[in-house]
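Topology and contacts: notes
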Amino acid sequence: MGAPYVSIRRLADNSLAAMLSAVEIYNKPQMTYRDEVTVMLVVNAWELALKATLCQKDLSIFYPKRRGERYRSIGLDDALGRVAANQLWPSGIDGRAVTANVKALAEYRDRAIHLYNAQGLGAAIYPFLQQNVLNYRDFMLARFKKDLADSMTWQLLPLGATAPGDAVQFMRIDKNATMVAEVQQFIDELRRLMDEAEESGSDMARVATIYDINMQSVKKMTSADLIVAVSPNADGQVVVQKTDPNQTHPYNMTELLNKVNEKRNGRNLTRYDHQAICWKESLRENTKYAWKHSNGVSHVWSGDAITYLASLSDEYYEQVHADYQAHIKGRSAKK
């Protein structure tokens, strides 16, 4: 007897339903156990989406059957591993970074299911949760042509209209030594996941992102942003601290092009390509990609800029070339 029949459509639809439920629940501020239920649904949404992806390629989502037992479907970690091993992450989505993000939420979920989380851990998990929804939208759109945004407004997509404080957000936790230790252990695990992603060259903007109220990305997080402060009288504080643009936009133009060319499948980009695309899409004015100090001479660039520029096709760059040359000729003719 073979493995059970699995409907790819139902897996994908149920995955979307779980994510929509998660966002709806998160936007109910009076609901108790809100963070925990939201994360459980988000992780479930990813597990179903990953299994649907494997089934789409006729790959098994079951463990080998043992005599006398039913078939058991694979868990989240194995699903992530099989998607990576079969190179099923869509182009333009850094699978290692998204995996780190999903595993951070899974760690939070596991603690909630098997025990409970200390009050205040929501401050640490929020940037991961917020970025996860955007990662999920990109993944489902690329894999199944299903757009999460079709079922909700962009005001709801990032899990609400407000975000953590602009500088440093403090949240008190239980006045209990074991709770303080739990927070420390959880933050250490988040640091480990982020360090591994960073060391592998992952796009850290896919791991955790804090947004300002107008929904423009103002930072990417690394493990250095996760700090736990525990006072002597056992009052714990979870601190999520925003870094400055020198950390979020660390690349000059030469470094940017080198990293973009390492990721591209097409021809290597030149300074002229960079100049043309900046003109065409006003990239220097987009703080997600570029930043320049008020007293600075040139712009510096973010990891998002690397990912975006590497994702564009040679054909698009050729079209931008033509438009840019026409623009320059037109400007010269007017002089």
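As the structure is a computational prediction, the values presented were derived from the model and not from experiment.

This brings us to the layout of surface pockets. Taken as a whole, the second largest pocket holds about 500 Å³ of empty space. What lines the second largest pocket is a set of 22 residues, and nearest its centre among them are Ser91, Gly92, Ile93, Asp94 and Lys263. Sorting the residues of the lining of the second largest pocket by element identifies helix H3 (76-85), helix H4 (95-114) and helix H10 (303-311) as the ones contributing at least two each. For the lining of the second largest pocket, the class distribution of residues is six nonpolar, ten polar and six charged.

Residue Asp58 is not a glycine yet carries a positive backbone phi of 60 degrees. The topology assignment puts Asp58 in the loop between helix H2 (34-56) and H3. With a relative accessible area of 73%, Asp58 lands in the exposed category. Despite not being glycine, Gln87 has its phi angle at roughly 55 degrees, a positive value. Positionally, Gln87 belongs in the loop between H3 and H4.

This brings us to the pattern of salt bridges. The final tally for this structure, using the stated rule, is 13 salt bridges. Between Asp314 and Arg264 there is a salt bridge, with the nearest N and O atoms lying 2.1 Å from each other. Of this pair, Asp314 sits in helix H11 (residues 314-334) while Arg264 is found in the loop between helix H8 (253-263) and helix H9 (271-281), placing the two residues 50 residues apart along the sequence. Its relative accessible area of 24% is what places Asp314 among the partly exposed residues. When its relative accessible area of 8% is taken as the criterion, Arg264 is described as buried. Each member of the salt-bridge network shares a partner with another, and the members are Arg9, Asp13 and Lys146.

Quick look at the nonpolar core now. One finds Trp46, Leu50, Trp89, Phe128, Tyr136, Phe139 and Val207 to be the most contacted residues of the largest nonpolar core, which totals 57 residues. Among the secondary structure elements, those contributing two or more residues to this core are helix H1 (8-26), H2, H3, H4, helix H5 (121-144) and helix H6 (177-199). Apart from the residues within four sequence positions on either side, Phe139 is in contact with Trp46, Ala49, Leu50, Thr53, Trp89, Pro90, Ile93 and Phe144. The next biggest cluster of nonpolar side chains, apart from the first, holds 20 residues, and it includes Leu257, Val260, Cys278 and Tyr317.

An ideal rise of 1.5 Å per residue puts 27 Å on 19 residues; H1 measures up with 27 Å between its terminal C-alpha atoms. Along H1, the residues classified as buried are Leu11, Ala12, Ser15, Leu16, Ala18, Met19, Ala22, Val23, Ile25 and Tyr26.

Topologically, Lys146 is positioned in the loop between H5 and strand E1 (168-172). By relative accessible area, which is 24% here, Lys146 ends up partly exposed. For the pair Lys146 and Leu16, spaced 130 residues apart in sequence, the C-alpha to C-alpha distance is 8.5 Å. If we skip the residues at most four places from it in the chain, Lys146 touches Ala12, Asp13, Leu16, Arg137, Met140 and Leu141.

Quick look at the side chain of Thr99 now. Along the chain, Thr99 turns up in helix H4. Among the residues examined, Thr99 registers a relative accessible area of 15% and is labelled buried. At a separation of 2.7 Å, a polar atom in the side chain of Thr99 contacts the main-chain carbonyl oxygen of Gly95. When residues no more than four places from it in sequence are discounted, the contact partners of Thr99 are Leu80 and Trp89.

Quick notes on the rules
- Residues numbered from 1 in each chain as written.
- Predicted model: local features only at pLDDT ≥ 70, side-chain atom pairs only at ≥ 80, totals over all residues.
- Heavy atoms only, no water.
- 1 Å grid on protein atoms, 1.4 Å probe; cavity = no way out; pocket = protein on both sides within 12 Å on 5 of 7 lines; lining within 4 Å.
- Points joined across faces, edges and corners; volume = space filled by probe spheres on them.
- Helix = DSSP H or I, 4+ residues; strand = E, 2+ residues; numbered from the N terminus.
- Nonpolar A, V, L, I, M, F, W, Y, C, P; charged D, E, K, R; others polar.
- Buried < 20%, exposed > 50% of the residue type's maximum accessible area, 1.4 Å probe, protein only.
- Salt bridge = Lys/Arg side-chain N within 4 Å of Asp/Glu carboxyl O.
- Core = buried A, V, L, I, M, F, W, Y, C linked by side-chain atoms within 4.5 Å.
- Contact = heavy atoms within 4.5 Å.
- Expected span 1.5 Å × (residues − 1).
- Polar contact = N/O pair within 3.5 Å; in protein donor to acceptor, adjacent residues only side chain to side chain.

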